[in-house]
Amino acid sequence: MLSEQDFPVGTRVVVQGKRGPEVATVRGQATPPDPKGRYGAVLHAATPEELSRWEALHRQGEDLKWLLRARARERRLPVKLVAVEFTLDESLVTISYSADERIELGPLIAELREHTRARVNFAAIGPREQAQMLGALGACGRENCSSTHLQDFAPVSIRMARDQQLPLNPEKLSGPCGRLLCCLQFEHTQYLELLKDLPRKNARVCHEGSGACGKVTKLHPLKGTVDIQTESGPVYDLPASELRRASEHAPAPQGKNRTEPATE
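Predicted model only: the values in this text are computed from it and were never measured.

Engineer: I tried to follow the environment of S157 on my own but got confused; where do I start?
Structural biologist: Among the structural elements, S157 can be located in the loop between α3 (127–134) and α4 (158–163). C-alpha of S157 to C-alpha of Q185: the two residues are 28 residues apart in sequence and 8.0 Å apart in space.

Written out as structure tokens, the structure is:
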């Protein structure tokens, strides 16, 4: 018999959202109610009455979104209205929008007062939040992470791509929102752990089995191997566990050393 915190995947539940109670669908292990009231906690399974109310509020929100878009065009307001969302208790309606400049939203608030008594909240959102609300497919071919399981948007930097040995190609590192991929952030910690067992790039190492020495040119954290440019020319992909740091007296690379001072 299931406890009140156990809900099978696909169950419609009531959760504590950022602004109030909302209806959601379980996609994985349910989160027990948080005594501190943090959003995202599952409160209980949604009743038929709650589901009916949620669907009605969703339809109302869609109608209001198109109405406000029309009113914004009439007033030539440079704003993009992305979503109009009610909380389950209908105490708050949030209008998510994006704009390149500060705009006066008073006329739209007055328009809303004629259709709902809920408290009105305008929320300016960025490209990542837009992709989360509208939904999109990621480079992997699946629904983007922001629309499925991500609750917050942590900072993402190009350094994370470097640590993961990815080519610094903006087209391949950007998501549907045009910003750096969110998955770079939540995979970064694992890559840092894997990199601890690998030599640094450009380090000079030797292979214990063959004795061949060379310079590390590329790291493969997931495989636990590195590419070695040997002194004789060929490049080998070798396990990091079979390498040791080259001693100071190891043979120097073949070929002329252009930095070596000329002899008389």
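Picking up where we left off.
Engineer: Quick question: what am I supposed to make of unusual backbone geometry here?
Structural biologist: For residues that are not glycine, phi is negative in most cases, and the peptide bond is trans in most cases. For Q165, which is not a glycine, the phi torsion comes out positive at approximately 60 degrees. Positionally, Q165 belongs in the loop between α4 and α5 (170–173). On the basis of relative accessibility, which here comes to 25%, the residue Q165 falls in the partly exposed class. With phi around 75 degrees, N202 is a residue other than glycine that occupies positive phi space. Among the structural elements, N202 can be located in the loop between α6 (183–195) and β7 (204–207). A relative accessible area of 52% places N202 in the exposed class.

Engineer: Quick question: what am I supposed to make of the packing of helix α1 (residues 48–74) against helix α2 (residues 106–113) here?
Structural biologist: Packed helices, taken two at a time, are described by their axes: the angle between them and the distance between them. The interhelical angle for the contact between α1 and α2, taken along N-to-C directions, is 140 degrees, at an axis separation of 10 Å. With respect to each other, α1 and α2 are oriented oblique. The way α1 lies across α2 gives a crossing that is right-handed. Here L64, L67, L68, R71 and A72 of α1 lie close against α2, whose contacting residues are L108, E111 and L112. Considered class by class, the residues forming the contact of α1 with α2 number six nonpolar, no polar and two charged.

Engineer: Looking at this structure, how should I read the sheet that holds strand β3 (residues 42–45)?
Structural biologist: By definition, the strands of a sheet pair up through backbone hydrogen bonds, in either a parallel or an antiparallel sense. Ordered in space as β2-β1-β3, the three strands form an open sheet in which the pairing is antiparallel. Edge positions in the open sheet fall to β2 (21–25) and β3, since each of these has one partner strand only. Geometrically, the sheet is characterised by an average inter-axis angle of 35 degrees between neighbouring strands, direction not taken into account.

Engineer: Looking at this structure, how should I read the nonpolar core?
Structural biologist: Most often, soluble globular proteins have nonpolar side chains that are buried together. Counting residues in hydrophobic clusters, the biggest one holds 19 residues, and the most contacted among them are L68, V79, V93, I95, L112 and F122. Of all elements in the fold, only α1, β4 (80–86), β5 (92–98), α2 and β6 (119–124) reach the threshold of two or more residues within this core. No other element matches α1, which puts four residues into this core. Those residues in contact with V79 that sit more than four places away from it in its chain are A72, Y97, S98, A99 and I103. Counting eleven residues, the second largest nonpolar core, distinct from the first, contains L195, L198, I228 and A240.

Engineer: So what exactly am I meant to see when it comes to the pairing of β2 here?
Structural biologist: Two faces belong to every sheet, and in a regular strand the side chains alternate between them. Pairing between strand β1 (residues 12–16) and β2: five bridges, direction antiparallel. If you follow R12 over to β2, its bridge partner there is T25. The antiparallel pairing of β1 with β2 creates a hairpin that spans four residues between the two strands, and G20 there sits at a positive phi of about 155 degrees.

Engineer: So what exactly am I meant to see when it comes to the state of the cysteines here?
Structural biologist: Structurally, a disulfide amounts to a covalent bond that connects the sulfur atoms of two cysteines. Taken as a whole, this structure holds one disulfide when the rule is applied. Across a sulfur-sulfur distance of 1.8 Å, C206 and C213 are joined as a disulfide pair. Here the S-S torsion is close to 100 degrees, and the disulfide linking C206 with C213 is therefore right-handed. You can call C213 buried: its relative accessible area is 9%.

Engineer: I would appreciate a short explanation of α6 in the present structure.
Structural biologist: The periodicity of an α-helix, 3.6 residues per turn, causes residues three or four places apart in sequence to face the same way. For α6, spanning 13 residues, the distance from its first C-alpha to its last is 18 Å, which sits close to the expected 18 Å at 1.5 Å a residue. At T189, α6 shows its maximal kink, close to 40 degrees. Among the residues making up α6, those that are buried are L184, H188, Y191 and L195. Buried positions along α6 lie against α4, α5 and β8 (213–220).

Engineer: Is there a simple way to explain the packing of aromatic side chains in this structure?
Structural biologist: Both the distance between ring centres and the angle between the ring planes are used here to describe each pair of aromatic rings. Scanning the entire structure with this criterion turns up one aromatic pair. Of note, R69 hangs over the ring of W66, and the distance from its end group to the ring centre comes to 4.6 Å.

What counts, and at which threshold
- Numbering of residues starts from 1 in each chain and follows the order in which that chain's sequence is written.
- Local features in this predicted model are restricted to residues of pLDDT 70 or higher, and side-chain atom pairs are both shown and tallied only at a pLDDT of 80 or more, whereas totals for entire chains, interfaces and linings draw on every residue.
- In computing side-chain properties, one takes all heavy atoms of the structure into account and sets aside hydrogens as well as water.
- Strands here mean DSSP runs of E at least two residues long; helices mean DSSP runs of H or I at least four residues long; both are numbered from the N terminus.
- A simple rule labels every residue: compare its accessible area, found with a 1.4 Å probe on the protein chains alone, to the largest value its type can have, and call it buried under 20%, exposed over 50%, or partly exposed in between.
- Inter-axis angles, ranging from 0 to 180 degrees, are taken between N-to-C directions of lines fitted to C-alpha atoms, where helices are fitted over the stretch in contact.
- Oblique is the label for any angle not covered by the other classes, which are roughly parallel (under 35 degrees), roughly antiparallel (over 145) and roughly perpendicular (65 to 115).
- For any pair of crossing helices, the crossing counts as left-handed if the nearer helix is rotated counterclockwise from the farther one by less than a right angle, and right-handed if it is rotated clockwise.
- The contact definition used throughout considers only heavy atoms, calling two residues in contact when any of these lie within 4.5 Å.
- Under the grouping applied here, Gly and all other residues not named as nonpolar or charged are polar, the nonpolar ones being Ala, Val, Leu, Ile, Met, Phe, Trp, Tyr, Cys and Pro and the charged ones Asp, Glu, Lys and Arg.
- We call two strands paired when DSSP finds no fewer than two bridges between them.
- The nonpolar core is taken to be a set of buried Ala, Val, Leu, Ile, Met, Phe, Trp, Tyr and Cys residues, with the residues joined through side-chain atoms within 4.5 Å.
- Two cysteine sulfur atoms form a disulfide, by the criterion used here, when they sit within 2.5 Å.
- Multiplying one less than the number of residues by 1.5 Å gives the expected span of a helix.
- To obtain the bend at a residue, axes are fitted to the seven residues ending there and to the seven starting there, and the angle between these axes is taken.
- Pairing of aromatic rings covers Phe, Tyr and the six-membered ring of Trp, with a centre-to-centre limit of 6.5 Å; geometry is then stacked below 30 degrees between planes, edge-to-face above 60, and tilted otherwise.
- As a reminder, the over-ring test applies to NZ of lysine and CZ of arginine, requiring each to be within 6 Å of the ring centre and within 35 degrees of the ring normal.

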